[in-house]
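Listed below, chain by chain, are the residues.
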Amino acid sequence: MNRMKFFICLIVFFSNNLFSQQEYPVAIGGASGVFVDITNSSGSYIIERTETSAENWIEVSNTTNPLSEVEFAGRLTVLSPQFSDFVVPAEKQITQIWNIWQRTNRVDSIHYWGNIPFVKIALGTMHFDATAKLNTEYQYRISNAENVQQKEFTNSVYYPRVFKNDNISFYSSSAEVSKIFLEFRTFGGSTPSAFRVFRRDNGSGSYQKIGTINGFNITNDTLSLFSLDTSVTAYNFYNYFILPLDLFGNEGIPSDTIFIGAYNFQNVPLPYNVQIISDDSSDAFKLSWLLPNPEAVVSVRIFRSEIFDSGFVQIAEVAPVVNQYIDFMTEPMKRYYYYFQLTGTL
């Protein structure tokens, strides 16, 4: 339970990726379109596009800067469903972003959020071209709306691209009947900016993307990726893997797969109402018991010894739905001690 609480504290931290100084404008291929990073400061621009195989410029957008914090927040609200894999700034953070933008008029002065594409789009310094055709090479021409003779050109670009991330490995997990916590880790410089979680239920069917609470934490050169799944069903079993994404939604190499049940096996109740009845006619003992949660147990092992606190040997292993066992391997006038051990799937 302590691990769950620790995670909820961590989800407010974000991956602190480092970005080198860049030239403007630049076009970047994303998962579902092309991002055109226009400028580092305010201004209105006309964006045109052509396929590199044919000189045929067409206008695709006009960009403007928001005139107020309310307009900026409204643009973020409109954009957030389109970029749902990424964290949306909270109301307080929106105010902080807006105040820095008003004071400096520079995107690169906005710590962390100034690197996030949909924040740049909302500020009017970036355009997302969702009308571009898949696997088609384009170039973009940017004109200052106040001086259309002032034109700049981007690099050639196509989408989607492949995110070449470092290897992501499962690190730890914990589970309860209502939630499962997962931690994956990666090392190196090519780390994800977001990730999706995929799950398969009870070992059957295909993997499906699920909604989870995700977060990051960085320690030295190690990036930890956390996920909390609260949509589990008690005592069901699940397979998980995560799919990393770069800043532009491009998919990387998935993590390895983890198998875990929606329960903490240490909390599974032990057999109770245990009774031992001697059968003098057969020199046997009949053991009976009740198991509260047989669905969480794979088997019940029965151990026996002639000494109270040592020398126990397994004499049987029965299914969790079985609630009695007859021990015929006994001798008259001897005292026996028994204990039970439960085994789980994991």
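How each quantity is defined
Residues numbered from 1 in each chain as written. Predicted model: local features only at pLDDT ≥ 70, side-chain atom pairs only at ≥ 80, totals over all residues. Heavy atoms only, no water. Phe/Tyr/Trp six-rings, centres within 6.5 Å; stacked < 30°, edge-to-face > 60°. Helix = DSSP H or I, 4+ residues; strand = E, 2+ residues; numbered from the N terminus. Buried < 20%, exposed > 50% of the residue type's maximum accessible area, 1.4 Å probe, protein only. Core = buried A, V, L, I, M, F, W, Y, C linked by side-chain atoms within 4.5 Å. Pairing = 2+ DSSP bridges. pLDDT = per-residue confidence, 0-100. Contact = heavy atoms within 4.5 Å. Expected span 1.5 Å × (residues − 1). Arc of directions from axis to C-beta. Axes fitted to C-alpha atoms, helices over the stretch in contact; angles between N-to-C directions. Salt bridge = Lys/Arg side-chain N within 4 Å of Asp/Glu carboxyl O.

Remarks on the packing of aromatic side chains
Next, step 1: On inspection of all chains with the given rule, the structure shows 23 aromatic pairs.
Next, step 2: Taken together, a centroid distance of 6.0 Å and an interplanar angle of 45 degrees make the contact between Phe 35 and Phe 83 tilted. Placement of the pair is Phe 35 in strand 2 (residues 34-37) and Phe 83 in the loop between helix 2 (69-79) and helix 3 (91-104), with a sequence separation of 48 residues.
Next, step 3: On the basis of relative accessibility, which here comes to 10%, the residue Phe 83 falls in the buried class.

Here we look at the nonpolar core
Next, step 1: Counting 27 residues, the largest nonpolar core has Phe 72, Phe 83, Phe 118 and Val 119 as the members making the most contacts within it.
Next, step 2: Contributions of two or more residues to this core are made by helix 2, helix 3, helix 4 (117-123) and strand 5 (126-129).
Next, step 3: If you look at the next biggest cluster of nonpolar residues, it comprises 18 residues, including Ile 168, Leu 182, Tyr 238 and Ile 242.

Regarding the pairing of strand 8 (residues 168-175)
Next, step 1: When strand 8 meets strand 9 (residues 180-187), the two strands line up antiparallel, connected through seven bridges. Bridge assignment links Ala 175 to a residue of strand 9, and that residue is Ile 180.
Next, step 2: Count of turn residues in the strand 8/strand 9 antiparallel hairpin: four residues.

Some remarks on the confidence of the model for the protein
Next, step 1: Model confidence for the protein is summarised by a mean pLDDT of 89, while 93% of its residues fall at 70 or above.
Next, step 2: A low-confidence stretch, residues 1-19 stays under pLDDT 50, and its non-local contacts, those more than four residues away or across chains, total 43 contacts.

Things to note about helix 3
Next, step 1: For helix 3, spanning 14 residues, the distance from its first C-alpha to its last is 20 Å, which sits close to the expected 20 Å at 1.5 Å a residue.
Next, step 2: For helix 3, the set of buried residues is Ile 94, Ile 97, Trp 98, Ile 100 and Trp 101. Down the axis of helix 3, the smallest arc covering the buried residues is 165 degrees, so these residues share one side. Summarising the geometry of helix 3, the exposed residues directed more than 90 degrees from the buried face are Lys 92, Gln 102 and Arg 103.
Next, step 3: Positive backbone phi, approximately 60 degrees, marks Asn 105, located one or two places after helix 3.

Points about the side chain of Asn 250
Next, step 1: Note that Asn 250 resides in the loop between strand 14 (237-245) and strand 15 (258-261).
Next, step 2: Excluding residues that lie within four positions of it along the chain, Asn 250 makes contacts with Gly 29, Gly 30, Ala 31, Pro 160, Arg 161, Phe 163, Pro 244 and Leu 245.

A look at the sheet that holds strand 17 (residues 284-290)
Through backbone hydrogen bonds, the strands of a sheet pair up, either in parallel or in antiparallel fashion.
Next, step 1: Reading across the sheet, the three strands line up as 16-17-20 and stay open at both edges, with antiparallel pairing between neighbours. Among the strands making up the open sheet, the edge pair consists of strand 16 (272-279) and strand 20 (324-327). For this sheet, the mean inter-axis angle between neighbouring strands, taken without regard to orientation, is 15 degrees.
Next, step 2: Pairing of strand 16 with strand 17 involves six bridges; the strand directions are antiparallel. Along strand 17, the bridge assignment pairs Ile 276 with Leu 287.

A closer look at the pattern of salt bridges
Next, step 1: Applying the stated criterion to the full structure yields 15 salt bridges.
Next, step 2: Linking Arg 196 and Asp 85 is a salt bridge whose minimum nitrogen-to-oxygen distance equals 2.9 Å. Of this pair, Arg 196 sits in strand 10 (residues 194-201) while Asp 85 is found in the loop between helix 2 and helix 3, placing the two residues 111 residues apart along the sequence.
Next, step 3: Here Arg 196 falls in the buried class, since its relative accessible area comes to 18%.
Next, step 4: Residue Arg 304 pairs with Asp 327 through a salt bridge whose shortest N-O separation is 2.7 Å. Residue Arg 304 is found in strand 18 (residues 299-305), and its partner Asp 327 is found in strand 20; the two are separated by 23 residues along the sequence.
Next, step 5: On the accessibility criterion, Arg 304 (17% relative accessible area) is buried.
Next, step 6: One salt-bridge network, in which partners are shared between bridges, spans Asp 85, Arg 196 and Glu 251.

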